[in-house]
Amino acid sequence: MAASIAEDIIEESLEDALTENRLELAGLGRGAQYEVTEFTKAIAQAHPTVSPDFLATAVNAVINLEKTKSGAALLQKLSALPADDIDSLDRLLDEWSVKDALRVLDEIDSRLSVIETIRRISGDPNTDELHTLHPLVLRSRWLFGPEFESEEYCSNVSLQTVAKELFKNTTAEFDNPKKRPDIVVLPDKTTIQLTGIESFDVADPTVSRIQNILVIELKKGGFSITRNEVNQADGYVQDIANSGFISGSPYICAWVVGETIVKGLATDKKVSDSIRGEYGRVRATTFSQLVGTANLRLMKLRDRLKSRYGEMPTDGLLERVLGKPYQNILPSE
């Protein structure tokens, strides 16, 4: 009898604490909601007599902490696996908890929202590409393939110098050079971004060098990519590699993105010379192809995770809390 009463008290305290924070809780992804609910449950069970105000405050603190987390790192590991490597996939998923899976599903849902936004605005002739479409794509390197999932891509002084040298004879503008020195805006509304990833040199592990460089060139709406644009991107790759401002021999990947591609154009080109061999690659694609490929890749991952983990036991409590009607707090007169 006493145990039953204690359980009821714990359940009531748990529900009250979550209900008080339900608006903030509703703004989190399902994985983060699960994490907050499990934390609250553990506190309520360990300290049945904890005050409701303290528990509600603790829940609010954890919600704020969850807002700073994401499933990007876990998704990066999953995306790096070959599509047909089932054994490695099983081993990786075996290491994950339900909470890990939910975090990844949250990240996938977020990325699917980005894809849908790009799909809608890229074909709209009234879209302000420079301030809407281009920033959205440039912040989403994962669109260009799982090899660019890493969060370590960044601009550095060497790439800033290269960018300034590449476009010094044009009327190009650097988009907010203090904060984003890696983004260049050309007069024809083309946006170019140079970012790289650094790691320690194998030959000299005491020195960090740029190992990979990603160049993204986004054309204005309605633009059709021709051989000229591919050759120009090829020139960027060669100029970057031979600039003399970058130590080491990084591999340079360049992408040219437009609305359409002229018929018969080769969309994948390797860049090499007799001394270094292959040191770069140029690819042309459309916004719709970019979105379609990314959508297919993410939905496959989403389906795999959902089929593996199914429904989560905490869902019932979350639905009960989040499903409660609430009344807006009116300001006092």
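Residues numbered from 1 in each chain as written. Predicted model: local features only at pLDDT ≥ 70, side-chain atom pairs only at ≥ 80, totals over all residues. Heavy atoms only, no water.

Chemist: Just checking my understanding: could you explain helix α10 (residues 227-241) for this structure?
Modeler: Residues that lie three or four places apart on an α-helix share one face, since the helix turns once every 3.6 residues. Taking 1.5 Å of rise per residue, 15 residues should cover 21 Å, and α10 covers 21 Å from first to last C-alpha, within 8% of that figure. If you check which residues of α10 are buried, you get E229, V230, A233, D234, Y236, V237 and I240. One face of α10 carries all of its buried residues, which in axial projection span an arc of 150°. The exposed residues of α10 that point more than 90 degrees off its buried face are R227 and N228. (Helix = DSSP H or I, 4+ residues; strand = E, 2+ residues; numbered from the N terminus. Expected span 1.5 Å × (residues − 1). Buried < 20%, exposed > 50% of the residue type's maximum accessible area, 1.4 Å probe, protein only. Arc of directions from axis to C-beta.)

Chemist: Teacher, can you tell me more about the pairing of strand β9 (residues 277-286) here?
Modeler: Strand residues, when the strand is regular, have side chains that alternate between the two faces of the sheet. β9 sits mainly inside the fold: 7 of its 10 residues count as buried. Relative to β9, strand β6 (residues 251-258) is paired through 7 bridges, and the arrangement is parallel. Opposite G258, over in β9, you have T286 as the bridge partner. Pairing of strand β8 (residues 268-273) with β9 involves 6 bridges; the strand directions are antiparallel. Residue pairing in the sheet places K269 in a bridge with V282 of β9. Hairpin geometry of β8 and β9 is characterised by an intervening segment of 3 residues between the two adjacent antiparallel strands. (Pairing = 2+ DSSP bridges.)

Chemist: Would you take a moment to explain the pattern of salt bridges for this structure?
Modeler: By the definition in use, this model includes 7 salt bridges. Here K269 makes a salt bridge to D234, at a shortest N to O gap of 2.7 Å. Taken together, the residues K269 in strand β8 and D234 in helix α10 connect sequence positions 35 residues apart. Among the residues examined, K269 registers a relative accessible area of 29% and is labelled partly exposed. Classification of D234 as buried rests on a relative accessible area of 8%. The salt bridge involving D268 is made with R281; its shortest N-O contact spans 2.6 Å. (Salt bridge = Lys/Arg side-chain N within 4 Å of Asp/Glu carboxyl O.)

Chemist: Looking at this structure, how should I read the side chain of S122?
Modeler: On the secondary structure map, S122 appears in helix α7 (residues 98-122). Residue classification places S122 among the buried positions, given a relative accessible area of 15%. In contact with S122, other than residues within four places in its own chain, are L133, E259 and F287. (Contact = heavy atoms within 4.5 Å.)

Chemist: I tried to follow the confidence of the model for the protein on my own but got confused; where do I start?
Modeler: Parts of the model with low pLDDT should not have their predicted coordinates read in detail. Chain-level pLDDT for the protein is 75 on average; 68% of the residues reach the 70-or-more range. Here residues 177-181 is modelled with pLDDT under 50, and outside its nearest four sequence neighbours on either side it reaches 6 contacts, counting other chains as well. Here residues 326-333 scores under 50 on pLDDT; set against residues more than four positions off or in separate chains, the count is 3 contacts. (pLDDT = per-residue confidence, 0-100.)

Chemist: Could you clarify how one ought to interpret the side chain of T190 in this entry?
Modeler: Along the polypeptide, T190 turns up in the loop between β2 (183-185) and β3 (191-200). Residue classification places T190 among the buried residues on the basis of a relative accessible area of 0%. A distance of 2.9 Å separates polar atoms of two side chains, one belonging to T190 and the other to D188. A polar contact of 3.1 Å, which involves the side chain of T190, links it to the side chain of K219. In this structure, T190 is in contact with V184, V185, E217, L218 and K219, ignoring residues within four places of it in sequence. (Polar contact = N/O pair within 3.5 Å; in protein donor to acceptor, adjacent residues only side chain to side chain.)

Chemist: Explain the packing of aromatic side chains here, please?
Modeler: Centre distance and the angle of the planes are the two values used to describe a pair of aromatic rings. A complete count under the given rule lists 1 aromatic pair for this structure. It is R276 that lies over the ring of Y279; its NZ or CZ is 4.2 Å from the centre. (Phe/Tyr/Trp six-rings, centres within 6.5 Å; stacked < 30°, edge-to-face > 60°. Lys NZ or Arg CZ within 6 Å of the ring centre and 35° of its normal.)

Chemist: Before we go on, may I ask you to explain empty space enclosed by the protein in this structure?
Modeler: Evaluated as defined, the whole model comprises 1 cavity of 30 Å³ or more. Put simply, the largest cavity is a space of about 40 Å³. Contributing to the lining of the largest cavity are I121, S122, D124, T127, E129, L133, G221, G222, E259 and F287. (1 Å grid on protein atoms, 1.4 Å probe; cavity = no way out; pocket = protein on both sides within 12 Å on 5 of 7 lines; lining within 4 Å. Points joined across faces, edges and corners; volume = space filled by probe spheres on them.)

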